[in-house]
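If you want the building blocks of each chain, they are given just below.
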Amino acid sequence: MDINDNIESPLVLRISFNKLFNQYQHLIEADNDYIASNAKRVLAIADKYPILRDGFSDINLLEKHQKEIEAVLQDSFSPILTKNEIKTASIPLYDFTFNSSERFKSIIKAAGDDFELQIINMPGDQTYIIACTIILQFCYGYNISFKRPFFYEIPDKNGVLRYYKILYNADFTEITPKENAPQITQEDYEMLLDNFENIDLWKEKFPPNSYDFKGFVISNIFDVTDDQSISNIKSSLIGEDKRKSEGFMKKFYEVFQSLFGINNLEVGFSIYNKEEEAFERVYGVGMNSFLLNNLDSKSCTDALCEWSYNRLLNENKYFSISDVARDYQQCKGKAPHIKVLNDQGYKSAIFAPIANENGLMGILEIVSKEPKVLNSINANRLTDVMPFIISAVERSKNEEENLIEAIIQQECTSIHPSVHWRFEKEARNFIKAQMAEKEPSFNKIAFDNIYPLFGQMDIKGSSEARNLATQKDLTLQLKSIQAIIEETCKLEQLPIYEQYIFQIKSFLKDLEENFQVDSEQQIASFIKTEIEPIFKHIYTFEDLKPKIDEYFNHINKDVDVLYHHRKQFDDTIAYINKEMAALLDQKQVEAQQMYPHYFERFKTDGVEHNMYIGESITKADSFNPIYLYNLRLWQLQVMIEMENAYYQMQSNFPVPLDVASMILVFNQPLSISFRMDEKQFDVDGTYNARYEIVKKRVDKAFIKGTEERVTQKGKISIVYSQKEDENEYLRYVKFLQSKQYLDKDHEIVELQDLQAVTGLKAIRVSVLYHKDKNDKAFYTYNDLMKEIKA
């Protein structure tokens with residue numbers, strides 16, 4: 001079997017001791033008789049076995065000349081140090097050794113029969129190129145620095161991975177070009193400098209088997225497990241989104257197992273919440289907290305005893321528990337951190353504070369199910385590791401704070417993606433001014449010549465429904481109070497009780513006949529200041545206790561009133577807003593793909609939305625009026641789809657309410673700017689302000705000469721002022737009628753003048769509905785109601 005079998009390399013490998021023999025040749029003339037005599041001994045072997053000088057690639061010859069090779073390498077592999085030094089004689093870059101120290105042999109034996117020695121950070125596809133760089137240095141004098149450390153990763157007898165660094169001594173190697181080897185020029189060298197990964201180029205300049213390698217290397221190997229473990233911990237913590245990786249914690253366990261030399265070891269974390277004075281679980285794949293066990297959070301005083309609390313939170317020092325069972329017996333299970341470990345079956349542990357100059361950030365928890373393997377002595381191994389963990393936690397906390405801030409921005413003061421670029425540009429200018437020590441200012445953010453679109457789905461009669469719910473709740477509550485007071489009169493006949501009954505009846509009459517805006521406040525004040533003190537007094541009557549308890553059981557603790565019908569109303573409004581907003585948001589994703597535009601929506605008693613489209617928003621020279629027309633048609637179609645979706649889910653609402661939809665058309669471009677104080681966009685200029693006035697008032701407008709509101713259930717109302725808008729939207733209406741989105745009954749009506757606004761008209765047309773998503777039939781609003789109630 002030949003060394004070169006199954007190897008593609010520019011080098012033809014031969015094991016040779018020629019350069020080593022040449023070294024001994026110089027030692028024959030040494031003044032030291034022992035050195036000279038030893039040199040003659042080695043050279044005698046060289047003379048007797050010339051193949052050791054000439055070189056060979058047949059692996060069988062290694063076994064044949066094993067004794068001679070050991071004798072030749074005796075000085076390099078001292079018998080005195082063989083059980084201490086980790087050393088091999090080998091071929092460079094390949095996992096092939098032919099002589100080794102006893103220490104190396106014992107390491108390989110402990111790794112197991114199925115272990116294969118392999119350099120862990122030598123990519124197979126780079127071995128050829130690295131061999132070429134060695135040739136460049138040996139044969140052409142180009143000093144290309146490729147001094148990267150190589151490592152072996154070898155498990156010990158307990159299965160714990162240990163890391164060994166390889167340092168090559170190449171003093172005894174020779175490399176010579178063959179006749180077919182291309183001459184490397186300066187131009188070739190410069191080309192190769194910029195093409196490390198171009199394997200075809202390297203093979204062109206250094207064809208396979210074009211150079212002879214004679215010699216061997218001595219590999220001096222060092223156990224660097226501690227240093228490498230620290231490096232691996234650092235590398236593990238640097239990466240992004242590690243908590244989402246399934247293999248992260250498994251690898252993290254292995255790194256700590258190597259650091260401590262313990263196979264049965266696990267690692268956990270808990271985060272310290274200073275505001276809550278509690279430890280919290282770290283969420284991520286495979287993340288555990290042995291201090292919290294199955295809990296998501298736990299107050300610090302409940303998780304630790306007084307001593308351990310002071311040690312971790314105040315002194316910021318680690319402590320160990322070498323024998324959990326022993327300590328559990330001594331404290332009789334009263335120390336919470338000892339108890340939680342004992343309950344989980346852990347026998348020894350180390351708790352280390354993750355703290356910086358600002359105080360505690362979290363706890364590193366290292367545990368084992370073997371007693372005494374974790375203790376105060378090996379806990380010192382954490383000293384070099386903790387700075388990297390602290391740095392990672394600091395970065396993680398900053399990322400979490402940024403994420404929280406981003407969520408707040410998104411959910412509370414979101415900046416739409418279509419205009420985010422403009423805010424980002426201004427923020428960069430702000431930072432540049434700060435860095436240049438100038439007075440920074442966040443300049444006005446405005447967009448000119450853009451077209452507005454407005455639409456709303458309004459809940460019809462929401463004020464009346466809210467008042468009715470309030471009346472019903474107040475009536476129920478007052479009647480309950482009246483019944484209790486009447487019972488009290490039978491037990492204690494005091495005139496004051498009759499006065500309270502009279503007051504209650506007066507409130508009930510007002511609720512039925514003359515409900516006012518302040519009625520709710522007056523009744524609430526009466527109950528709070530007069531009735532509840534009386535209930536405390538009469539609670540001493542045994543017969544009244546159950547009835548008073550029942551009364552308070554029906555009182556909602558959050559709002560301190562009877563909250564039944566009002567809750568049903570509020571839940572209905574919340575549900576409508578949630579579902580309609582979600583549908584609109586979903587449809588918006590599609591609209592943005594057609595052409596980017598600004599979009600915002602608001603939840604009131606219903607859902608309304610603003611859109612702005614134009615060149616200045618998109619930042620690109622791509623706007624065409626066709627995109628405006630398309631967005632208007634899209635808006636009309638989506639409003640119809642929202643109407644359908646609403647009535648398909650109406651039966652799920654606690655309170656059956658109706659909606660009316662409206663679109664406002666404004667055909668003149670306008671300007672908007674971001675109001676820093678209100679954190680929202682608003683129109684600029686006096687003329688443009690007319691648009692905002694119309695938006696706020698138009699849904700309450702009447703048809704001229706009538707008391708009929710322009711918005712009606714079952715219909716879409718399109719409000720406009722210009723003839724060209726009328727013509728445009730009539731085309732859309734006819735198109736959607738052909739698709740059976742709308743009925744054939746469209747009408748054009750004039751609106752009664754609003755304050756400072758005249759000349760408005762509206763196209764009104766009935767929506768065609770489906771009973772459900774799979775229903776192919778079409779219904780008007782009235783037909784749909786009949787079908788639902790049938």
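None of the values given here were measured: they were computed from a predicted structure. The numbering scheme is per chain: residues are counted from 1 as the chain's sequence reads. It should be noted that, the model being predicted, local features are given only for residues of pLDDT at least 70 and side-chain atom pairs only at 80 or more, the latter also being counted only at that level, while totals for whole chains, interfaces and linings use all residues. Note: side-chain values were computed over all heavy atoms of the structure, leaving out hydrogens and water.

J.: Teacher, can you tell me more about the sheet that holds strand E5 (residues 161-169) here?
T.: Adjacent strands of a sheet form backbone hydrogen bonds with each other and so pair up, either parallel or antiparallel. Only strands joined by at least two bridges in the DSSP assignment are considered to pair. Secondary structure follows DSSP: runs of H or I at least 4 residues long count as helices, runs of E at least 2 residues long count as strands, and numbering of each begins at the N terminus. Reading across the sheet, the five strands line up as E3-E2-E8-E5-E4 and stay open at both edges, with antiparallel pairing between neighbours. Because the sheet does not close on itself, it has two edges, and the strands there are strand E3 (97-100) and strand E4 (150-155). The average angle at which neighbouring strand axes cross in this sheet is 30 degrees, direction not considered. Sheet analysis places E4 next to E5, joined by six bridges and oriented antiparallel. Across the sheet, the residue bridging to Tyr 152 is Tyr 164, located in E5. Angles run from 0 to 180 degrees between N-to-C directions of axes, and those axes are lines fitted to C-alpha atoms, restricted for helices to the stretch in contact.

J.: What is the right way to look at the packing of helix H14 (residues 324-331) against helix H15 (residues 336-343) in this model?
T.: The axes of two packed helices give the description: the angle between them and the distance between them. Where H14 contacts H15, the two axes come as close as 9 Å, and the packing angle between them is 130 degrees. Between H14 and H15, the interaxial angle falls into the category oblique. Considering only the axes of H14 and H15, their crossing is left-handed. Along its contact with H14, which presents Val 324, Ala 325, Asp 327, Tyr 328 and Cys 331, the element H15 presents Ile 338, Lys 339, Leu 341 and Asn 342. Residues are grouped as follows: Ala, Val, Leu, Ile, Met, Phe, Trp, Tyr, Cys and Pro are nonpolar; Asp, Glu, Lys and Arg are charged; every other residue, Gly included, is polar. Class assignment of the residues belonging to the contact of H14 with H15 gives a composition of six nonpolar, one polar and two charged. Roughly parallel covers angles under 35 degrees, roughly antiparallel covers those over 145, roughly perpendicular covers 65 to 115, and oblique covers all other angles. For a crossing to be left-handed, the near helix must be turned anticlockwise from the far one by less than a right angle; the clockwise case is right-handed. By definition, residues are in contact when any of their heavy atoms lie within 4.5 Å.

J.: Hey, could you run me through the sheet that holds strand E6 (residues 173-177) in this one?
T.: If you walk across this open sheet you meet the three strands as E1-E7-E6, and the pairing is mixed. Lying at the two open borders of the sheet, with one neighbouring strand each, are strand E1 (11-15) and E6. Each strand of the sheet is rotated relative to its neighbour by a mean of 20 degrees, with strand direction disregarded. As paired elements, E1 and strand E7 (residues 211-215) share five bridges and run parallel to each other. Pairing of Leu 11 across the sheet is with Tyr 211, part of E7. Contacting E1, E6 and E7, helix H7 (residues 127-140) crosses the sheet at an angle of about 85 degrees to E6.

J.: Explain unusual backbone geometry to me, please; I cannot follow it from the model alone.
T.: With the exception of glycine, most residues fall at negative phi, and the peptide bonds are largely trans. In this structure, Asn 316 takes a positive phi of about 55 degrees despite not being glycine. Relative to the helices and strands, Asn 316 is located in the loop between helix H13 (306-314) and strand E12 (319-321). A positive phi angle, near 60 degrees, is found at Asp 560, a position not held by glycine. When you line up the elements, Asp 560 lands in the loop between strand E16 (555-556) and strand E17 (561-562).

J.: Is there a simple way to explain the pairing of strand E2 (residues 86-90) in this structure?
T.: Looking down a regular strand, the side chains alternate between one sheet face and the other. Exposure categories follow from relative accessible area, calculated using a 1.4 Å probe and restricted to protein chains: below 20% of the type maximum is buried, above 50% is exposed, and the middle band is partly exposed. The buried fraction of E2 is high, at five of five residues. Every second residue of E2 is oriented toward a common face, with Ile 86, Thr 88 and Ser 90 on one face and Lys 87 and Ala 89 on the other, all of them buried. Here E2 pairs with strand E8 (residues 217-223) via five bridges, running antiparallel. Looking at the pairing, Lys 87 lines up with Asn 220 of E8. Summarising the sheet, E2 and E3 pair through three bridges and their orientation is antiparallel. Note that in E3 the partner of Ser 90 across the bridge is Thr 97. In sequence, E2 turns back onto E3 through a hairpin of six residues, with Leu 93 there showing a positive phi of about 75 degrees.

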